[in-house]
Amino acid sequence: MAAARATLPLPRLPVHPSPRSHLKPFPSLSARRSSAAAGVAASLRLGDVIEAQQFDRGALTEIFEVAREMDALERGTTCRGAGRSRVLEGYLMATLFYEPSTRTRLSFEAAMRRLGGEVLTTENAREFSSAAKGETLEDTIRTVEGYSDIIVLRHFESGAARRAAATADIPVINAGDGPGQHPTQALLDVYTIEREIGTLDGIKLGLVGDLANGRTVRSLAYLIAKYQNIKIYFVSPDVVKMKRIDLYEAARGKYIVDKKVLDVLPKHAVIMHPLPRLDEITVDVDSDPRAAYFRQAKNGLYIRMALLKLLLVGR
Amino acid sequence: MAAARATLPLPRLPVHPSPRSHLKPFPSLSARRSSAAAGVAASLRLGDVIEAQQFDRGALTEIFEVAREMDALERGTTCRGAGRSRVLEGYLMATLFYEPSTRTRLSFEAAMRRLGGEVLTTENAREFSSAAKGETLEDTIRTVEGYSDIIVLRHFESGAARRAAATADIPVINAGDGPGQHPTQALLDVYTIEREIGTLDGIKLGLVGDLANGRTVRSLAYLIAKYQNIKIYFVSPDVVKMKRIDLYEAARGKYIVDKKVLDVLPKHAVIMHPLPRLDEITVDVDSDPRAAYFRQAKNGLYIRMALLKLLLVGR
Amino acid sequence: MAAARATLPLPRLPVHPSPRSHLKPFPSLSARRSSAAAGVAASLRLGDVIEAQQFDRGALTEIFEVAREMDALERGTTCRGAGRSRVLEGYLMATLFYEPSTRTRLSFEAAMRRLGGEVLTTENAREFSSAAKGETLEDTIRTVEGYSDIIVLRHFESGAARRAAATADIPVINAGDGPGQHPTQALLDVYTIEREIGTLDGIKLGLVGDLANGRTVRSLAYLIAKYQNIKIYFVSPDVVKMKRIDLYEAARGKYIVDKKVLDVLPKHAVIMHPLPRLDEITVDVDSDPRAAYFRQAKNGLYIRMALLKLLLVGR
């Protein structure tokens, strides 16, 4: 595979989460109390999760620590039965999906349930307006925030999550808005690298495939660039180098990870994929210990549990 | 705006909720016990919520008192976390929607959850029959009542809620059936007027828009007429005065509430809308304290919490 | 009605559930502990519920005993309120439906909720792949098992449940896969006969209707054949005797159970139907005490509660 470097698009926003005049501080009173009491530094005061660029290295470290706690909690027997977590008991999450994404939705809902919380859900949020024309996103948010404590929004338009966060008095998590952002995916990708490799500094990352269309790839590259001595190799067919669109079908099948690739891959290396995979990774790769994509999907649960906890009740 | 009086259609049923031979008394044993023990008068023995006409003034007063308690409960910190309400813990509500209405569904589901209850849900109840022809509503009710403690029904046919209530041995709430009735909307509308104005007697109410098609308007007019010294102004374009249909598009845009209207509106006045609003109220009206429509949507949660509690466990 | 005997297709698998190299033993540690501690015989070690043929008579007896306990539990007042069952508290069931079946889905969800458990749900599981081609069932299972403790699968392809069970490390229940199997329906049918008649040995069973297409009929015949002195009468129009397909419409209306049939039916007899019924049983039959179909639907709740308990925590 030829290695090629693409030019990273400039970030649209400042990278430090605070002060964030455009996003809200901790909304819940109990969280502010507990932060003050514990003397917690303002390095991570989550109000919303909108885009990968809002997290600095300190914020990532804290989120990953909480995700690690969630991993231990969920694997232990105390997660089921009488000893289960009640951290978010009584809290209500509204999954507001303007386009379906069952994988993402079930991941968020499982995360909320594992912490004792409750869920209101629709994958058909466009239906919110009974008339054909449709009410604005802002009006829907102002109604739904009356029924819930946190909103997880999936939308087909870029920027929808920011609009929702600006309108809502409760936290909003971006579950993907248009071709733009899918921050929880980026977080779980970086967390997975850390868990699999053991570190984030000094790694070499190969990003393979449809780089023009991959919002996954862009967000991951942003986050990983906060670490030191990173080498990123962008590997794609010419037709879909960053910025070209709608040529996925032409590009498919050009780069496949199969047993021959495994043979030349270093022992410590890791193979990741946001799923669903079609034919980019052959099934006989799955049993190799370096195949991490299903552990990666599981990490999505832990990252989302961590974010829900941090947003609603704090650390 | 020209004021015009329409002739109200005669109510189809007697207005006193008891004795209601056509609707059932309190179904649950615990509720009957607690009523008897507390010497509660039979002024409100809710078995089902089918139509606005079933409530007399005493019933409305009681429902509004419970809704006020729910308001206080939901706003207080005890609604989340360990101190949350468990009034309906272990109870199961089936939202059975034959046509989608995400707004109404989420409102009911949030109401049930805030009281510690659980939800079974479908917005695709037509699917209940695997064959193309479809089983009767009655058969579906007889099956679903085996799985739940209360049914919230949304249907496209007028009278469906009454049929469901006649069939079911558990309470049924009409979440809207055809062009006919949407009683919980009417209740939350009247409750909102009381909360915003402070009283219901002696008020002046302007009903603006598509009066022929608005079941919301009809039910609201019925309920408000139970109070004293009410003046109702019906304001609509000629094309859609009560009884003409399918001319909404011709009527749209004829009466808009905007800043110019605000300027001539009295200080104590209130602007309400069942939502979704399209262009009938301009967005710059939202920040005026008299704009009550989002508080109105929130009141829907409290009214539904009150009804669920009254129907399942009593006061 | 003419009685006709059809030739039963040979079972595809051995009928003893253990040892079942193709299906898994009890997955949960607590269940294995409790079995070992109680010295429970291995007659029923449920790992998955895939097909009617996996149950021998001893397994059926045990499942029916637990279903009887669930019946008592659900009818008693302790099922609601503070005394409710928490047997499956903290456990998460994923209803993964690749085709809609609201009746079956709500039955499973109510079962889980009545035992204190939680539910993740989709009736649109085909959507799991964002690309048009679609990820494999195996990949979806490997992702969803990370979010849940038990999967209830409904699929359009015969054999899908077996593939899911072979992939998953958590229990899988077949909620119907293609024209092949619907084991929980078969179990609730046999349980219903036992509850209604009082015994299973020595009964005479009439199977009426579309026998070629009825997977319900096939599975029921398999299970009932494990009992002694059974007589089965297969009654169908010539066009749809076992093995002919797609002629339901031609066959409809040929055999109807109505009041005239009631008049010649013995006092102890029972009329059953998997529902939905269209015109095969006239509505005036419903009030006859021998009409058991709605009690049958209710038994589905108890059977599913029993299976969930046995699969997750054991007896």
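Please read these numbers as outputs of a predicted model, since none were measured by experiment.

Draft legend 1. Examining the overall build of chain A more closely. Looking only at helices and strands, chain A has 10 helices and six strands in total. Residue burial in chain A is summarised as follows: out of 315 residues, 58% are buried. Counted over contacts in chain A with a minimum sequence separation of 6, partners at least 24 positions apart contribute 70%. Of the roughly 12700 Å² of accessible surface on chain A, a fraction of 54% belongs to carbon and sulfur atoms.

Draft legend 2. The domain arrangement of chain A, seen in detail. Residues and elements named next belong to chain A. Examined at the domain level, chain A breaks down into domain 1 (7-182 + 300-312) and domain 2 (184-298). At the interface, 36 residues of domain 1 touch 26 residues of domain 2. The interface formed by domain 1 and domain 2 includes three salt bridges. Measuring nitrogen to oxygen at the nearest pair gives 2.8 Å for the salt bridge that ties Asp201 to Arg57. Applying the counting criterion to the domain 1 and domain 2 interface returns 13 residue pairs in polar contact (both at pLDDT 80 or more). Elements supplying a minimum of two residues to the side of domain 1 that touches domain 2: α2 (57-75), α3 (102-114), β4 (172-177) and α10 (293-312). Sort the elements by how many residues they give to the side of domain 1 that touches domain 2 and α2 lands first, with eight residues.

Draft legend 3. Geometry of the sheet that holds strand β1 (residues 92-97) of chain A. All names here are of chain A. Read from one edge to the other, the open sheet built from four strands follows the order β2-β1-β3-β4, with strand pairing classed as parallel. A single partner strand is all that each edge strand has here, and the edge strands are β2 (118-122) and β4. Put simply, the sheet's adjacent strands are angled 15 degrees from each other on average, direction ignored. Where β1 lies against strand β3 (residues 150-155), five bridges are found, and the strand directions are parallel. Within the sheet, the bridge partner assigned to Phe97 lies in β3 and is Arg154. Sitting on the sheet, α3 touches β1, β2, β3 and β4, and the angle it makes with β1 is about 175 degrees.

Draft legend 4. Just the environment of Ala306 of chain C, in detail. Residue and element names in this part refer to chain C. For Ala306, the location among the structural elements is in helix α10 (residues 293-312). We classify Ala306 as buried; its relative accessible area is 0%. It is 5.4 Å that separates the C-alpha atoms of Ala306 and Val66, two residues lying 240 residues apart in sequence. Aside from chain neighbours lying at most four places away, what touches Ala306 is Ile63, Val66, Ala67 and Met70.

Draft legend 5. Local environment of the packing of aromatic side chains. Residues and elements named next belong to chain B. According to the stated counting rule, one finds nine aromatic pairs over all chains in the structure shown. On the numbers, 5.5 Å between centres and 50 degrees between planes, the contact of Phe64 with Tyr191 is tilted. With Phe64 in helix α2 (residues 57-75) and Tyr191 in helix α6 (residues 183-197), this pair connects stretches of sequence that are 127 residues apart. With relative accessibility at 4%, the residue Phe64 sits in the buried group.

Draft legend 6. Region of interest: the packing of helix α4 (residues 137-144) of chain B against helix α5 (residues 160-167) of chain B. All names here are of chain B. Two numbers describe how α4 lies on α5: the axes approach to 9 Å, and their chain directions differ by 50 degrees. It follows that α4 is oblique to α5 by the angle criterion. The element α4 and its partner α5 pack so that their crossing is right-handed. Listed contacts from α5 to Leu137, Glu138, Ile141 and Arg142 of α4 are Ala160, Arg163, Ala164 and Thr167. Of the residues in the contact of α4 with α5, the class split is four nonpolar, one polar and three charged.

Draft legend 7. Seen up close, the side chain of Glu135 of chain A. By secondary structure assignment, the location of Glu135 of chain A is in the loop between β2 and α4 (137-144). Taking the relative accessible area as the measure of exposure, Glu135 of chain A reaches 11% and is therefore buried. Of the polar contacts made by the side chain of Glu135 of chain A, one reaches the side chain of Thr140 of chain A; its length is 2.7 Å. One polar contact links Glu135 of chain A to Arg103 of chain B, side chain to side chain, over a distance of 2.9 Å.

Draft legend 8. Summary view of unusual backbone geometry. Residues and elements named next belong to chain A. Each neighbour pair has its own omega, and for Leu275 with Pro276 the value is 5 degrees, a cis peptide bond. If you trace the backbone, Pro276 turns up in the loop between α9 (259-264) and α10. The phi angle at Leu275 is positive, at roughly 65 degrees, despite the residue not being glycine. Positionally, Leu275 belongs in the loop between α9 and α10. Of the residues examined, Leu275 reaches a relative accessible area of 9% and is grouped as buried.

Draft legend 9. Expanded view of the interface of chain C and chain A. Each partner contributes residues to the interface: chain C has 25 residues there, and chain A has 28 residues. Interface of chain C and chain A: buried area, both sides summed, is about 2500 Å²; carbon and sulfur atoms make up 52% of it. Summed over the shared surface of chain C and chain A, the number is six salt bridges. Between Arg103 of chain A and Glu135 of chain C there is a salt bridge; the shortest N-O distance is 2.9 Å. Looking at the side of chain C that touches chain A, the elements with two or more residues in it are β2 (118-122) and α4 (137-144) of chain C. Looking at which element gives the most residues to the side of chain C that touches chain A, the answer is β2 of chain C, with five residues.

Draft legend 10. Local environment of the relation of the copies chain B and chain A. At an RMSD of 0.0 Å, chain B and chain A line up after a rotation of 120 degrees and a shift of 0.0 Å along the axis. A rotation of that kind, with that shift, is consistent with a three-fold axis. Among all residues of chain B, the minimum C-alpha distance to the rotation axis is found for Glu118 of chain B, at 5.4 Å. The overlap is low: 4% of the interface residues of chain B also sit at the interface in chain A, so different surfaces are used on the two sides.

Definitions and limits used
- Residues numbered from 1 in each chain as written.
- Chains lettered and ligands numbered in written order.
- Predicted model: local features only at pLDDT ≥ 70, side-chain atom pairs only at ≥ 80, totals over all residues.
- Heavy atoms only, no water.
- Helix = DSSP H or I, 4+ residues; strand = E, 2+ residues; numbered from the N terminus.
- Buried < 20%, exposed > 50% of the residue type's maximum accessible area, 1.4 Å probe, protein only.
- Contact = heavy atoms within 4.5 Å.
- Areas by Shrake-Rupley, 256 points an atom, 1.4 Å probe, with all protein chains shown as cover.
- Domains from an automatic or database assignment.
- Salt bridge = Lys/Arg side-chain N within 4 Å of Asp/Glu carboxyl O.
- Polar contact = N/O pair within 3.5 Å; in protein donor to acceptor, adjacent residues only side chain to side chain.
- Pairing = 2+ DSSP bridges.
- Axes fitted to C-alpha atoms, helices over the stretch in contact; angles between N-to-C directions.
- Phe/Tyr/Trp six-rings, centres within 6.5 Å; stacked < 30°, edge-to-face > 60°.
- Parallel < 35°, antiparallel > 145°, perpendicular 65-115°, else oblique.
- Left-handed = near helix turned anticlockwise from the far one by under 90°.
- Nonpolar A, V, L, I, M, F, W, Y, C, P; charged D, E, K, R; others polar.
- Buried area = accessible area lost by both parts, 1.4 Å probe.
- Least-squares fit on C-alpha atoms with pLDDT ≥ 70 in both.

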